[in-house]
Amino acid sequence: MAVEKLAADHLVLDPAAVALLFTQARTANTFSDEPVSRDQLRAITELAKWPPTSANINPLRITFVTTAEGKERLLPLISEGNRAKTESAPVVAILAVDVDFHDRLPQLFPARPEMRDVFTGDPERRAEVARFNGALQTAYFILAVRAAGLAAGPMAGFDAAGVDAEFFPDRSYRSILVVNIGKPGANPWFPRLPRLDHDDYVDYL
């Protein structure tokens, strides 16, 4: 059964929203020069922060690169195959996680402020938990970008250690993804790739 029919019959989300967020959304490989405003970026971040993370730790930290100077610092750290589309994007988001997220747990999880002590002195566990929850939050972020009517181009092809040294030298941030953001440009799409059939990845017990 077509996903559009299933969505119309069984989801409360409007079919146009289903298409915008999921079925018709694509990763853009070129971008127009139409600007993205700070108000749009604020709307994206305010939307993306609400879905769940473990113990509400919210480790994601976002740096929007919007200036020519910022691009000059970032582009040498982007893989060569990703550099042209990153240069064309009006905004590039560096998504990082704060491996010292536990310091904010008394604020974010006030019912159990002692959770901070669980992570104190265990940097390896903090890094693992931060990366897992940061991965969740990057997915929320991409959907929020799409909800703003913009295309998101997530990329893992970059020098993460170099980005951390360049942009976060005095912070406990570790970059995990770079996302190009903007309106699609000329010939922005690669051919749509297939997905697994339902029975190939879903079981019912």
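My aim in this report is to walk through the structure given alongside it, one point at a time. (Residues numbered from 1 in each chain as written. Predicted model: local features only at pLDDT ≥ 70, side-chain atom pairs only at ≥ 80, totals over all residues. Heavy atoms only, no water.)

## What to know about the overall build of the protein chain
Note the threshold: Secondary structure elements are taken from DSSP: a helix is a run of H or I of four residues or more, a strand is a run of E of two residues or more, and numbering for both begins at the N terminus. Think of it in three bands: with a 1.4 Å probe and only protein chains considered, a residue is buried below 20% of the maximum accessible area for its type, exposed above 50%, and partly exposed in between. Pairs of residues are marked as contacts when any of their non-hydrogen atoms sit within 4.5 Å. For accessible areas, the Shrake-Rupley method is used with a probe of radius 1.4 Å. Any residue's cover is judged against the shown protein chains and nothing else. Positive residues here are Lys and Arg, negative ones are Asp and Glu, while His and the chain termini are left out of the count. Taken as the charge centre is NZ of Lys, CZ of Arg, CG of Asp or CD of Glu, depending on the residue.
Along the protein chain, the regular secondary structure elements total 10 helices and four strands. When the elements of the protein chain are put in sequence order from the N terminus, they spell out α-α-α-β-α-α-β-α-α-α-β-α-β-α. Expressed as lengths along the three principal axes of its C-alpha atoms, the size of the protein chain is roughly 50 × 50 × 35 Å. The 205 residues of the protein chain split such that 39% are buried. Considering only residue pairs separated by 6 or more positions, the protein chain has 79% of its internal contacts joining residues 24 or more positions apart. Taken as a whole, the protein chain presents about 12,200 Å² of accessible surface, with 55% of it coming from carbon and sulfur. Each charge class in the protein chain was averaged separately, 22 positive and 27 negative side chains, and the resulting centres sit 3 Å apart.

## Quick notes on the sheet that holds strand E4 (residues 173-182)
Strands in a sheet are paired, the pairing made by backbone hydrogen bonds, and the direction either parallel or antiparallel. The line we're drawing: Strand pairing is assigned whenever DSSP detects at least two bridges linking the two strands. As a rule, the C-alpha atoms of each element are fitted with a line to give its axis, helices using only the stretch in contact, and angles between N-to-C directions run from 0 to 180 degrees.
Strand order in the open sheet formed by four strands is E1-E2-E4-E3, with antiparallel pairing between adjacent strands. Of all the strands in the sheet, the pair left with one neighbour each is strand E1 (60-65) and strand E3 (151-155). Within this sheet the neighbouring strands show an average axis-to-axis angle of 25°, counted without direction. Where E1 and strand E2 (residues 91-98) come together, six bridges link them in antiparallel fashion. Looking at E2, one finds that Val65 is bridged to Val92. Here helix H5 (residues 80-88) sits on the sheet and contacts E2, E3 and E4; the angle it forms with E3, its principal contact strand, is near 150°. Contacts from helix H9 (residues 160-167) reach E1, E2 and E4 within the one sheet, and its direction differs from that of E4 by about 95°.

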